[in-house]
Amino acid sequence: MDKAVFCTADILLPKNVDMTKWSVVACDQYTSEPDYWHRVEEQVGEAPSTLHITLPEVYLEGEDLPGRIQTINQTMEKYLQEDLLQVLCDSFLYVERTLADKQVRKGLVGAVDLEQYDYARGSQSLIRATEGTVLERIPPRVRVRENAALELPHIMLLVDDQARTVIEPLGAQTGELKQVYDFALMENGGSIRGWQVPKDRAGGVQEALTTLADQEVFEEKYQVAGKGALLFAVGDGNHSLATAKACYENLKAVLSPEQAAVHPARYALVELVNIHDPALEFEPIHRVVFGADPDNMMKRLAEYFLLSETPCNGQKITVLRQGREQELWIKNPCSNLAVGSLQAFLDEYLRDNGGKVDYIHGEQVVRELSEQPSNVGFLLPNMEKSQLFPTVILDGALPRKTFSMGHAWDKRYYLESRRIR
């Protein structure tokens, strides 16, 4: 394994700011809940904050999008000119995130080489998508990133490290490392602590990753042959990483190979998490359809699948409409997972009949949104996290928005940044 696949970076952290106001949740959360983002705006006010240098996706389709992007880029430059950010040179960050339920999730922040990442279905790269990448979702995100001076990661990559050789050993070394933050996160986010891991202390991480990426070790572990080793699977931020890749490929088209090889945009800042971390829990991502004819949709669903209202050996989905809840079993699924079967129907139905689907974390939000007469909610069963790596290796990417790593408030909060220009 090329050690540059996951490497130390010059990581930027704010100084002399209110860290709770600085750090806000990933932009792809609460996309159907503008009240959440209005509340965050009120809490932050004019204080220095990642809210001012990221774009919540609830605003991604707004008419003022170009103006918002311009303001974000200007604010990034302002923060840099005002010397608001300090540099942790050539380092990893070891992170302990205490979640709202008091569990502690461990992570390691570093940079990944986008040359080692390919989101195409059937990819054999060391870093792979876990869900289908919707190409139409990349261009608007490219517009946010392409002229930005900084990147702020909410990408979380997963490593299948059952022996806990990569991240966990750093937890025993925190007494010897420099702590760089320790504060409470807003909006039920729990709290977070971080320690700088300089390059001269990162050798154990690289050795462990080299072992996990070894082809013979990989083939024996998963009992496969003829498959490229999978080291990292994208857990959160699939389209953000795909956007970083797209921006880098655009740069390669105008740079010489020598320039592209050393350009900072070749790398993307991420947090690495062990899929075996007890605090890492998979939650289903549910669906709500807006602006459709509910009766017509349910009629078409019954025509698309053989459905049973009594438990059977099929795939279970739960339909919510104006306070009514109905459990249905799909007897002739078109995917190995219920989410894949439902998504296939929704893609076809919405293409032909109009309406919009949103992907929702948390049953209660689905219940509230499905109270509206023109909305239909779908609750989906969970997927076991032990299925993830074998499924991606053998079958390729899962259906998009199959699972979420915890509740919305458990997601990565923006905190660290890195220059990409």
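To be clear, the structure that these remarks concern was listed above.
Residues numbered from 1 in each chain as written. Predicted model: local features only at pLDDT ≥ 70, side-chain atom pairs only at ≥ 80, totals over all residues. Heavy atoms only, no water.

Our focus in this paragraph is the side chain of E131. In this fold, E131 is placed in the loop between β6 (127-128) and α4 (138-145). No salt bridge is formed by the buried E131, whose closest oppositely charged neighbour, K401, lies at an N-O distance of 4.9 Å. Of the polar contacts made by the side chain of E131, one reaches the backbone nitrogen of K401; its length is 2.7 Å. Dropping the residues within four chain positions of it, E131 is found in contact with N238, H239, A397, L398, P399, R400, K401 and T402. (Helix = DSSP H or I, 4+ residues; strand = E, 2+ residues; numbered from the N terminus. Buried < 20%, exposed > 50% of the residue type's maximum accessible area, 1.4 Å probe, protein only. Lys, Arg positive; Asp, Glu negative; His and termini not counted. Salt bridge = Lys/Arg side-chain N within 4 Å of Asp/Glu carboxyl O. Polar contact = N/O pair within 3.5 Å; in protein donor to acceptor, adjacent residues only side chain to side chain. Contact = heavy atoms within 4.5 Å.)

In this section: the environment of A163. Tracing the backbone shows A163 in the loop between β8 (156-159) and β9 (178-184). For A163, a relative accessible area of 61% gives the class exposed. The sequence separation of A163 and A208 amounts to 45 residues, and the corresponding C-alpha distance is 10.0 Å.

Here the focus is the side chain of H154. For H154, the position within the fold is in the loop between β7 (150-151) and β8. Judged by relative accessible area, which is 6%, H154 ranks as buried. In this structure the side chain of H154 is engaged in a polar contact, spanning 3.4 Å, whose partner is the side chain of S240. Excluding residues within four positions of it along the chain, H154 makes contact with A26, C27, D28, D236, G237, S240, R412 and Y414.

What follows covers the nonpolar core. One finds F6, L157, F232, L241, L272 and L388 to be the most contacted residues of the largest nonpolar core, which totals 60 residues. Looking at this core, the element that brings in the most residues is helix α7 (residues 238-252), giving six residues. Discounting chain neighbours no more than four positions away, the residues touching L272 are F6, K106, G107, L108, L157, L158, V159, V166, I167, L209 and F232. Counting residues in hydrophobic clusters, the runner-up holds 52 residues, among them M19, W22, L60 and L269. (Core = buried A, V, L, I, M, F, W, Y, C linked by side-chain atoms within 4.5 Å.)

So, on to empty space enclosed by the protein. Summed over the entire model, instances satisfying the criterion amount to six cavities of 30 Å³ or more. Within this model, the largest cavity holds a volume of roughly 400 Å³. Every residue lining the largest cavity is counted, 22 residues in all, and those nearest its centre are V144, R145, L152, S240 and Y414. Looking at the lining of the largest cavity, the elements that each hand over two or more residues are α3 (65-81), α4, β7 and α7. Examining the composition of the lining of the largest cavity, we find that three residues originate from one element, α4, more than from any other. (1 Å grid on protein atoms, 1.4 Å probe; cavity = no way out; pocket = protein on both sides within 12 Å on 5 of 7 lines; lining within 4 Å. Points joined across faces, edges and corners; volume = space filled by probe spheres on them.)

Our next topic: the packing of aromatic side chains. What describes a pair of aromatic rings is the distance from one ring centre to the other and the angle between the planes of the rings. Throughout the structure, instances matching the rule amount to 13 aromatic pairs. Aromatic pair W22 and Y79: ring centres 5.8 Å apart, planes at 45°, arrangement tilted. A residue pair is termed long-range when its members are at least 10 positions apart, and W22 in helix α1 (residues 19-22) and Y79 in helix α3 qualify at 57 residues. Neither residue differs from the other here; W22 and Y79 are each classed as buried. Ring centres of Y304 and F305 lie 4.8 Å apart, and the angle between their planes is 80°; this geometry places the pair in the edge-to-face category. You can call F305 buried: its relative accessible area is 2%. A network of ring pairs unites the aromatic residues Y304, F305, F345 and Y349 as a single cluster. (Phe/Tyr/Trp six-rings, centres within 6.5 Å; stacked < 30°, edge-to-face > 60°.)

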